[in-house]
Amino acid sequence: MTFRASAGFTDVWEHFDVSVDDRVATITLQRPETLNSLTFDVYADLRDLFREAPLRGDIDAIVITGQGRGFCSGGDVDEIIGELVRFDPARLLEFTHMTGAVVQNMRECAIPIIAAVNGTAAGAGAVIALASDFRICVRGATFRFLFTKVGLSGGDMGSAYLLPRLVGHGRATEILMFGDPVSAADAVEIGLANRVVDPDDLLEECTALARRLADGPRLAYRATKLLISREADMSLAAAIEFEAMTQALLMRTEDHAEFHRAFGASETPNWKGR
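Residues numbered from 1 in each chain as written. Predicted model: local features only at pLDDT ≥ 70, side-chain atom pairs only at ≥ 80, totals over all residues. Heavy atoms only, no water.

Chemist: I tried to follow the side chain of T28 on my own but got confused; where do I start?
Modeler: Relative to the helices and strands, T28 is located in strand β2 (residues 24-29). Its relative accessible area of 16% is what places T28 among the buried residues. The contacts of T28, once residues within four sequence positions are left out, are F16, D17, T65, G66 and Q67. (Helix = DSSP H or I, 4+ residues; strand = E, 2+ residues; numbered from the N terminus. Buried < 20%, exposed > 50% of the residue type's maximum accessible area, 1.4 Å probe, protein only. Contact = heavy atoms within 4.5 Å.)

What follows is the structure in structure tokens.
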């Protein structure tokens, strides 16, 4: 990166595993005995990781998954819900702001994020998958937005913003209102998931997708994610202007010139991300 602050990047994440291999980062939630439920510390680390990742300069795609037979079952009943009943309103708001920041940082992270949904994605786990750019599921995986099941609003961590934009208001209302399970096959049908694969093929499929993102026109991919995220609340005129300015900038990149060179030479472009 050209610009660096004096503070260093995080070398060790204590509450989940992070590995970086040839510009692809893999985040593995590691509490399989509770289907990778979230603790206060896991939330905080995810919040900070998704803010830090775009600044590192060595990551061009991110895969997030869970260890064992679940993706993420949401907030831990004992370690979080059992504690929240003791919090005063100010402390509760601090907590809900933190959980929301996980999703906000995921959506504002220019790096494409792939959720490798290897089993149950429930509560906050379903929202983390929802906030990703791609969702690849194993057969038998389910999404459950369980918030009303525990007496809370179905809109949590941005789910009432993101889900209707993905599956439509009618389906989102039913899913968020009742918290019933959405199978992997149904998730694909309604647009909540991209595709379903066999369990043995999940990581291979997600790694191949991540490799495509990391090896491709990375500036173009990042710009596309930014446009999709930002234009949700824009007028058509504002969106067209935003896209026009973005395209004009990208037309001056090395990658765009490389496409022109490769096209004339009947070669595959050698994307540089510049």
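Chemist: When you look at the side chain of E52 in this model, what are you seeing that I'm missing?
Modeler: For E52, the position within the fold is in helix α1 (residues 40-56). Although E52 lies buried, it forms no salt bridge, and the closest oppositely charged side chain, R56, sits 4.4 Å away as judged by the N-O distance. Not counting chain neighbours up to four residues away, the residues in contact with E52 comprise F9, T10 and W13. (Lys, Arg positive; Asp, Glu negative; His and termini not counted. Salt bridge = Lys/Arg side-chain N within 4 Å of Asp/Glu carboxyl O.)

Chemist: Mind showing me how you'd approach the sheet that holds strand β6 (residues 120-122) here?
Modeler: The strand order across the open sheet built from 4 strands is β4-β6-β8-β9, with neighbouring strands paired in mixed fashion. What marks the edges here is a single partner per strand, and that holds for β4 (70-72) and β9 (182-183). The sheet contact formed by β4 and β6 spans 2 bridges and is parallel. By the bridge assignment, G70 is partnered in β6 with T120. Its contacts with the sheet put helix α4 (residues 124-131) on β4, β6 and β8 (142-144), and the angle it makes with β6 is roughly 100°. (Pairing = 2+ DSSP bridges. Axes fitted to C-alpha atoms, helices over the stretch in contact; angles between N-to-C directions.)

Chemist: Looking at this structure, how should I read the pairing of strand β7 (residues 134-138)?
Modeler: Within a regular strand, the side chains alternate between the two sheet faces. The element β7 is largely enclosed, with a buried count of 4 among its 5 residues. Looking at chain direction, β7 and strand β10 (residues 195-197) are connected through 3 bridges and run parallel. Bridged to I136 within β10 is R195.

Chemist: Hey, could you run me through helix α3 (residues 89-108) in this one?
Modeler: Three or four residues apart is the spacing at which side chains of an α-helix point the same way, because the helix has 3.6 residues per turn. Its 20 residues place the ends of α3 28 Å apart at the C-alpha level, agreeing with the 28 Å of an ideal helix rising 1.5 Å per residue. When α3 is considered as a whole, its buried residues turn out to be F95, M98, T99, A101, V102, V103, N105, M106 and R107. Structurally, α3 contributes buried residues whose contacts are with α1, α2 (77-84), β5 (113-117), α4, α5 (159-167) and α9 (218-230). (Expected span 1.5 Å × (residues − 1).)

Chemist: Would you explain the packing of α3 against α4 in this entry?
Modeler: Helix-helix packing is described using two parameters, namely the angle between the two axes and the distance between the axes. Contact pair α3 / α4: the axes reach a minimum separation of 9 Å and the direction vectors enclose 15°. Between α3 and α4, the interaxial angle falls into the category roughly parallel. Crossing of α3 against α4: the hand is right-handed. Note on element contacts: α4 touches α3 through V127, I128 and A131, opposite V103, M106 and R107. (Parallel < 35°, antiparallel > 145°, perpendicular 65-115°, else oblique. Left-handed = near helix turned anticlockwise from the far one by under 90°.)

Chemist: What is the right way to look at the environment of D255 in this model?
Modeler: With respect to the helices and strands, D255 occurs in helix α11 (residues 254-264). The spacing of D255 and S266 is 11 residues in sequence and 16 Å in space, taken between C-alpha atoms. In this view, D255 contacts P217, R218, W271, K272, G273 and R274; residues no more than four positions away in its chain are not counted.

Chemist: It is not clear to me how unusual backbone geometry should be interpreted in this structure. Could you clarify?
Modeler: Note: most peptide bonds trans; most residues except glycine with negative phi. Positive phi outside glycine occurs at D22, with the angle close to 50°. Position of D22 among the secondary structure elements: in the loop between β1 (16-21) and β2. Notably, L35 is not glycine yet its phi reads approximately 55°, a positive angle.

These figures capture arrangement, not role.
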